Amino acid sequence: MGIPSVSPSVARDVTEHAKPPRAVFLPFMMGHHFGVPFHKQLQRRVLMEMLAELESATESGSIRDLDLSWAQARREGKEIEARLASAGG
Amino acid sequence: MAPSDSSPSKQLRPGLWQVVNDRYPGSMITKEDLVPLAALKKPLSECRVAFLSTSGVQPKGSLRFDTAHPVGDFTFRRVPSESPVEDLEIHQLKYPTFGAERDLNVIFPIERLRELRDEGVIGALNKSFYTFIGYNMDPERVERTLARDVAEALVEDQVDIALAAPA
């Protein structure tokens, strides 16, 4: 019964209070739940992790921590933007 | 697990719930009960997927969310899932939008979702995504109106999966 749902979270404490049925936690900045600009691979990964959680979660209220870092996401994003600028120039 | 600031969280802004709720008592959602876990009824590759977002993303030309109201805006917008990103804009004040202003997919991954659909990872995208603003200071009213309205729309659309993203 009901529609299966899953949420990304950058505020684990808020998610613990709201208790959505399934969530994945990323230590990212607010407003950047899917990563950084032009980092398609990271944006896709977050979506894929959410979809995987739909298949694997066994208990309501579960929050799965993803092995990601904001610093690394930003670093990779800057590299991608540098490559894009180089290709465009 | 009881909500706790001692969780192994590495969130960039720790203690967010407590800080906001101390400043505006009762404004933050807190639930005592867990929602029963709805099971997937078919493979992902056959599922119709809807994306829900508190990002305030909306089609250009649609009625702008009321970001100035002190209590919030309890309405939602339908965003066609085939919308070009150039046709969308953000009306929401309560999160950093500097990333989204350069690439909307960081908060509203509409292009990535279309790619997953085109690759067959998911079966289809619902014709509409649903958006609203997260700045709503009356959680009970959210549940009574906005959440119910969106839930009814999802049922009517016969979606199989809801990806529900805060901002």
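The structure presented is a predicted model; accordingly, all values stated were derived computationally and were not measured.

Enquirer: I'd love a proper account of the overall build of chain B, names of residues and values included.
Expert: Looking only at helices and strands, chain B has three helices and seven strands in total. Taken from N to C terminus, the helices and strands of chain B fall in the order α-β-β-β-β-α-β-β-α-β. The C-alpha atoms of chain B give 17 Å as radius of gyration, which agrees with the globular expectation for 167 residues (15 Å, within 12%). Along the three orthogonal principal directions, the C-alpha set of chain B runs to about 45 × 35 × 30 Å. Residue burial in chain B is summarised as follows: out of 167 residues, 44% are buried. Across chain B, contacts joining residues at least 24 apart in sequence account for 75% of those joining residues at least 6 apart. Each charge class in chain B can be summarised by its mean position, and for the 20 positive and 25 negative side chains these summaries are 2 Å apart.

Enquirer: Describe in detail the overall build of chain A, supporting the description with residues and values.
Expert: Regarding its fold elements, chain A presents three helices and three strands. Start at the N end of chain A and walk to the C end: the helices and strands fall as β-α-β-α-β-α. Across its three principal axes, chain A shows a C-alpha extent of roughly 55 × 25 × 20 Å. In chain A, which comprises 89 residues, the share counted as buried stands at 56%. Taking all contacts inside chain A whose residues are at least 6 apart in sequence as the whole, residues at least 24 apart take part in 58%. Total accessible area on chain A is roughly 3,900 Å²; 53% of this is exposed by carbon and sulfur atoms.

Enquirer: Break down the packing of aromatic side chains for me, citing the residues and quoting the values.
Expert: Scanning the model with the defined rule gives six aromatic pairs over all chains in all. Ring geometry for F51 of chain B versus F108 of chain B: centroids 5.4 Å apart, planes at 80°, classification edge-to-face. Pair noted here: F51 of chain B is in strand β1 (residues 48–53) and F108 of chain B is in the loop between β4 (88–90) and α2 (110–118), with a separation of 57 residues, a long-range link. Chaining the aromatic ring pairs together yields one cluster made of F34 of chain A together with F51, F108 and F129 of chain B. Sitting above the plane of the Y24 of chain B ring, R23 of chain B keeps its charged end 4.9 Å from the centroid. Above the plane of the ring of F65 of chain B lies R77 of chain B, whose end atom (NZ or CZ) is 4.3 Å from the centre.

Enquirer: I'd love a proper account of the interface of chain B and chain A, names of residues and values included.
Expert: Each side of the interface is counted separately: chain B has 58 residues, and chain A has 48 residues. The junction of chain B with chain A conceals about 4,700 Å² of combined surface from both sides, 66% of it contributed by carbon and sulfur atoms. By the criterion of area lost to chain A, the three top residues of chain B are L37, V106 and R112 of chain B, representing 13% of everything that side buries. For E81 of chain A, the salt bridge is made with R102 of chain B, and the minimal N-O distance between the two is 2.3 Å. Where chain B touches chain A, the interface holds 23 residue pairs in polar contact (both at pLDDT 80 or more).

Enquirer: Break down the pattern of salt bridges for me, with residues and values.
Expert: Where side chains of opposite charge bring their charged atoms close, a pairing between them can arise. Residues and elements named next belong to chain A. Per the counting criterion, the structure on display carries 14 salt bridges over all chains. Put simply, R12 and E16 hold a salt bridge, and the shortest N to O gap is 2.8 Å. Taken together, the positions of R12 and E16, both in helix α1 (residues 12–18) and four residues apart, correspond to about one turn of that helix. Neither residue differs from the other here; R12 and E16 are each classed as buried. The partner of R12 in a salt bridge is D65, and the shortest N-O contact between them spans 3.0 Å. You can see R12 sitting in helix α1 and its partner D65 sitting in strand β3 (residues 62–65), a full 53 residues away along the chain.

Enquirer: Describe in detail the confidence of the model for chain B, supporting the description with residues and values.
Expert: Residue and element names in this part refer to chain B. For chain B, mean pLDDT is 92; residues scoring 70 or higher make up 95% of the total. Across residues 1–8 the pLDDT falls below 50, and counting only partners more than four positions away or on other chains, this stretch makes 11 contacts in the model. Across the assembled chains, the prediction reports ipTM 0.96 with pTM 0.93.

Enquirer: Summarise helix α2 (residues 40–56) of chain A; cite the residues concerned and give the values.
Expert: Over its 17 residues, α2 of chain A extends 24 Å from the first C-alpha to the last, a length consistent with the 24 Å expected when each residue adds 1.5 Å. Along α2 of chain A, the residues classified as buried are L42, Q43, V46, L47, E49, M50, L51, E53 and L54 of chain A.

Criteria and thresholds
Residues numbered from 1 in each chain as written. Chains lettered and ligands numbered in written order. Predicted model: local features only at pLDDT ≥ 70, side-chain atom pairs only at ≥ 80, totals over all residues. Heavy atoms only, no water. Helix = DSSP H or I, 4+ residues; strand = E, 2+ residues; numbered from the N terminus. Rg over C-alpha atoms; globule rule 2.2 N^0.38 Å. Buried < 20%, exposed > 50% of the residue type's maximum accessible area, 1.4 Å probe, protein only. Contact = heavy atoms within 4.5 Å. Lys, Arg positive; Asp, Glu negative; His and termini not counted. Charge placed at Lys NZ, Arg CZ, Asp CG, Glu CD. Areas by Shrake-Rupley, 256 points an atom, 1.4 Å probe, with all protein chains shown as cover. Phe/Tyr/Trp six-rings, centres within 6.5 Å; stacked < 30°, edge-to-face > 60°. Lys NZ or Arg CZ within 6 Å of the ring centre and 35° of its normal. Buried area = accessible area lost by both parts, 1.4 Å probe. Salt bridge = Lys/Arg side-chain N within 4 Å of Asp/Glu carboxyl O. Polar contact = N/O pair within 3.5 Å; in protein donor to acceptor, adjacent residues only side chain to side chain. pLDDT = per-residue confidence, 0-100. Expected span 1.5 Å × (residues − 1).

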